Amino acid sequence: MTPDNCVEIKRILSRQCADKGIPVSGIFELTPRCNLKCKMCYVRLTPQQMKPIGTEFTAQEWIDLGKQCAKAGMLFLLLTGGEPTLRGDFPYIYEELTKLGLSLSINTNGTLLTDEIKEVWHRLPPAQVNITIYGVCAEDYTALCGDGTVFDKMVQNLEWLQSEGILVHLNTTMTPTNKDKWRELEEFATRYNTQLRMTSYCFPPTRRAEGDSCCDFQRLTPEETARVMALDILYREGKEGINARLRSQLPAVQRTCDLDVGNPIQCLAGRSQFWVNWHGGITPCGMISTPQINLRNTEFESAWESLRKSCADIRLCPDCINCQDKNVCMNCAAVTFSETGRFDGKPDYMCRLSACFKETLREFAEKAEEQ
């Protein structure tokens, strides 16, 4: 079975489970701590910043939760952070969760793979490891993450994972610091025969501590984001990819005027997918802080039912239903909530991005015709 087959199977199962309210896919955020200080990070906390909020789930709490989730129907589990491999007990947590028969994937920056982690992954390989990369050299890492010494470590660990036959995907985020490096990042992925998932939208740093001024946070403007998105399509798919996107932009279906209530959540969050943050709060996804239920004093199945019912009542911005850019917009409940602080708010950033993306696609298509 190929990786693409596995992804498709997971997608089909998740959709079917959403209709039945089965929590088939979970994300455990093991820690908000990280060894890097990336300028686009929305979650990083220091141990001092964590104290007023709570304490990390212990290894045994994560394992016990994994058992409850598996009993309720969870098959797919992603371990993330912060940087999950920063925890000294990560190998133990990973191995015990693997024994539950779950399909485990890992989000990591790939710089902290110890001999102990490699030993357990050699015996019990994860289904997939997603390495976030920030550039193609030490200087890039220094500029965006504050530490250029880890670049070589990331490359060495990437090569080790591939030598073990472990499926690796690369993730990257475009920011003002590295926005001109997109092609070099694509070429890096090609050199290692690895899929690259590029995103140019950054969530606001709403989960970083109040004591963190976030003065180092940076993200692209909607105009810059639209251009990077279009350049990426052009590079990967050529002018046919640009034209295909233009053809798919059918006019939004007009329903009625002066709507008071928007659409419900359309994604899988709170329907067949959930997120558990580092201190044990279950939420629909990592960028939605409410509804949230404390799993330290609530059994998972009970919390899941409450979460699912609360999510079913959420309605998004009514203006989005008849928007002329609806079919190109990437807005979702998480984006709306993080951008506006409410589910029915209108995220101006995303509105500008959608309009700019359509215009940029037209511009690229016209230039392609002239050549």
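Residues numbered from 1 in each chain as written. Predicted model: local features only at pLDDT ≥ 70, side-chain atom pairs only at ≥ 80, totals over all residues. Heavy atoms only, no water.

**Student:** So what exactly am I meant to see when it comes to the overall build of the protein chain here?
**Tutor:** Looking only at helices and strands, one finds 12 helices and nine strands in the protein chain. The principal-axis extent of the C-alpha atoms belonging to the protein chain is close to 60 × 50 × 50 Å. Considering the protein chain as a whole, with its 371 residues, one finds that 50% of them fall into the buried category. Nonlocal contacts in the protein chain, meaning residues at least 24 apart in sequence, comprise 74% of its contacts between residues at least 6 apart. With an accessible surface of roughly 17600 Å², the protein chain has 50% of that area assigned to carbon and sulfur atoms. (Helix = DSSP H or I, 4+ residues; strand = E, 2+ residues; numbered from the N terminus. Buried < 20%, exposed > 50% of the residue type's maximum accessible area, 1.4 Å probe, protein only. Contact = heavy atoms within 4.5 Å. Areas by Shrake-Rupley, 256 points an atom, 1.4 Å probe, with all protein chains shown as cover.)

**Student:** Can you walk me through the sheet that holds strand β2 (residues 76-80) in this structure?
**Tutor:** Strands belonging to one sheet form pairs held by backbone hydrogen bonds; the direction of such a pair is parallel or antiparallel. Here nine strands make up an open sheet; going across it, the order is β6-β5-β4-β3-β2-β1-β7-β8-β9 and the pairing mixed. Edge positions in the sheet fall to β6 (195-199) and β9 (293-294), since each of these pairs with one other strand and no more. Across four bridges, the pairing between strand β4 (residues 128-132) and strand β5 (residues 168-173) is parallel. Note on β5: the bridge partner recorded for Ile131 is Leu170. (Pairing = 2+ DSSP bridges.)

**Student:** Looking at this model, I keep getting lost on the packing of aromatic side chains. Mind explaining?
**Tutor:** Geometry of an aromatic ring pair is reported as the spacing of the ring centres plus the angle between the planes. Evaluation of the coordinates by the stated rule reveals 16 aromatic pairs. Relative to Phe188, the ring of Phe151 has its centre 6.4 Å away and its plane inclined at 55°; by these criteria the two rings are tilted. Of this pair, Phe151 sits in helix α7 (residues 150-163) while Phe188 sits in helix α8 (residues 182-191), placing them 37 residues apart in sequence. Given a relative accessible area of 9%, Phe151 falls into the buried group. Every member of this aromatic cluster is reached through a ring pair, and the members are Tyr134, Tyr141, Phe151, Phe188 and Tyr192. Here the basic side chain of Arg219 rests over the ring of Tyr349, its NZ or CZ set 4.1 Å away from the ring centre. (Phe/Tyr/Trp six-rings, centres within 6.5 Å; stacked < 30°, edge-to-face > 60°. Lys NZ or Arg CZ within 6 Å of the ring centre and 35° of its normal.)

**Student:** How should I be thinking about the pairing of β4 in this particular structure?
**Tutor:** Looking along a regular strand, one sees the side chains alternate between the two faces of the sheet. Counting buried positions along β4 gives four out of five residues, so the element sits mostly inside the fold. The parallel pair strand β3 (residues 103-108) and β4, bridged by helix α5 (residues 115-123), forms a crossover whose chirality is right-handed. (Right-handed = clockwise from strand over helix to strand, strands pointing away.)

**Student:** Help me out: how do you make sense of the pattern of salt bridges in this one?
**Tutor:** Once their charged atoms are close, side chains differing in charge can pair, the charge on each being opposite to the other. Here the structure, examined in full by the defined rule, presents 23 salt bridges. Residue Arg227 pairs with Glu363 through a salt bridge whose shortest N-O separation is 3.7 Å. Note that Arg227 is positioned in helix α9 (residues 222-247) and Glu363 in helix α12 (residues 348-370), a separation of 136 residues in sequence. Looking at Arg227, the relative accessible area reads 38%, which means it is partly exposed. The exposure class assigned to Glu363 is partly exposed, which follows from its relative accessible area of 27%. The network of salt bridges with shared partners includes Arg33, Glu56, Arg87 and Asp89. (Salt bridge = Lys/Arg side-chain N within 4 Å of Asp/Glu carboxyl O.)

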